[in-house]
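# Inside the fold
Given next are the chains, with one letter for each unit.
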Amino acid sequence: LFRFSTKFIQKYIGNAASIQPVERLLILSYTMPTNLEATLYEPVCCLILQGRKETVVGDRTVNFGAGESLIVSHETPVVSQVTSATLSQPYIAMILSLDIGLMRSLYEQVGSNELDLGNAKAFNVHKSDQNLIDAFYRYLALAENPTEEKVLGPIILKEIHFRLLMA
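About the thresholds
Residues numbered from 1 in each chain as written. Predicted model: local features only at pLDDT ≥ 70, side-chain atom pairs only at ≥ 80, totals over all residues. Heavy atoms only, no water. Helix = DSSP H or I, 4+ residues; strand = E, 2+ residues; numbered from the N terminus. Buried < 20%, exposed > 50% of the residue type's maximum accessible area, 1.4 Å probe, protein only. Areas by Shrake-Rupley, 256 points an atom, 1.4 Å probe, with all protein chains shown as cover. Contact = heavy atoms within 4.5 Å. Core = buried A, V, L, I, M, F, W, Y, C linked by side-chain atoms within 4.5 Å. Expected span 1.5 Å × (residues − 1). Polar contact = N/O pair within 3.5 Å; in protein donor to acceptor, adjacent residues only side chain to side chain. Pairing = 2+ DSSP bridges. Axes fitted to C-alpha atoms, helices over the stretch in contact; angles between N-to-C directions.

## Observations regarding the overall build of the protein
When its secondary structure is counted, the protein shows four helices and ten strands. Every one of the 167 residues in the protein was classed for burial, and the buried ones make up 41%. For the protein, the accessible surface area stands at approximately 9200 Å², while carbon and sulfur atoms represent 51% of it.

Shown next as structure tokens:
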């Protein structure tokens, strides 16, 4: 996924810090650590491909890096910064806007017996499993073919939401 993303970013991002190659997906790239920035996170999944980030919510601080995902299920005020990024190894993250209605419908389909909600939080970091990373890869790859994005995009988005629900 990293090699594909790096190639894709080099092809499309130029000198910009972000691109949106397909609907709901933003790719961020920074070549140096950033300053602390206060913002409001919408429901998202942030998959870090390279580098590290620190995010503070209230009195809770989370540090996460390559291969980890931050899942935010509600609007949440945060203070965050990229802590590890260089010109040769930039911070690269894929941020997917979550569809809470889709998450609820999947929850209803799966049923509460299948889910472990004991550790559920509005803001959580997880080690990303390979199936989730593969789904992100397939969704990003749709940027190369608008017809496939139109037809397969909703299916892959549903898979990503399902995998996040099961995380």
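## A word on the side chain of His161
With respect to the secondary-structure elements, His161 resides in helix 4 (residues 146-166). Non-local contacts of His161, meaning those with residues more than four positions away in its chain, are made with Leu96, Ser97, Leu98, Asp99, Leu102, Met103 and Leu106.

## Description of the nonpolar core
Counting residues in each nonpolar core, the largest one holds 27 residues, and the members touching the most others are Leu25, Met94, Leu96, Phe136, Tyr139, Ile160 and Leu164. For this core, the elements supplying multiple residues, two or more each, are strand 1 (18-22), strand 2 (25-30), strand 4 (44-50), strand 9 (91-97), helix 2 (100-110), helix 3 (130-141) and helix 4. Those residues in contact with Tyr139, other than ones at most four positions away along the chain, are Val22, Glu23, Arg24, Leu25, Leu96, Gly153, Ile156, Leu157 and Ile160. Residues Leu28, Phe64, Ala93 and Phe123 belong to the second largest nonpolar core, which totals 17 residues.

## Side note on helix 4
Taking 1.5 Å of rise per residue, the 21 residues of helix 4 would be expected to cover 30 Å, and the 29 Å separating its terminal C-alpha atoms lies within 8% of that figure. Listing the buried residues of helix 4 in full gives Gly153, Ile156, Leu157, Ile160, His161, Leu164 and Leu165. Packing partners of the buried residues in helix 4 comprise strand 4, strand 7 (68-72), strand 9, helix 2 and helix 3. Near the N-terminus of helix 4, the side chain that reaches the backbone nitrogen of Thr147, with its oxygen 3.1 Å away, is that of Asn145.

## What to know about the sheet that holds strand 6 (residues 60-65)
An order of 3-8-5-6 is seen for the four strands of this open sheet, with the pairing classed as antiparallel. If you trace the sheet from one side to the other, it starts and ends with strand 3 (37-41) and strand 6, each paired once. The average undirected angle you get between the axes of adjacent strands in this sheet is 30°. Bridging between strand 3 and strand 8 (residues 76-84) involves five bridges; their strand directions are antiparallel. Residue Leu40 lies in a different strand from strand 8, and its bridge partner there is Pro77.

## What to know about the environment of Leu25
Its location among the elements puts Leu25 in strand 2. A residue is classified by how much of its surface remains accessible, and Leu25, at 0% relative accessible area, is buried. Along the backbone, Leu25 and Val44 are 19 residues apart, and their C-alpha atoms lie at a distance of 9.6 Å. Discounting chain neighbours no more than four positions away, the residues touching Leu25 are Ile19, Gln20, Met94, Ile95, Leu96, Phe136, Tyr139 and Leu140.

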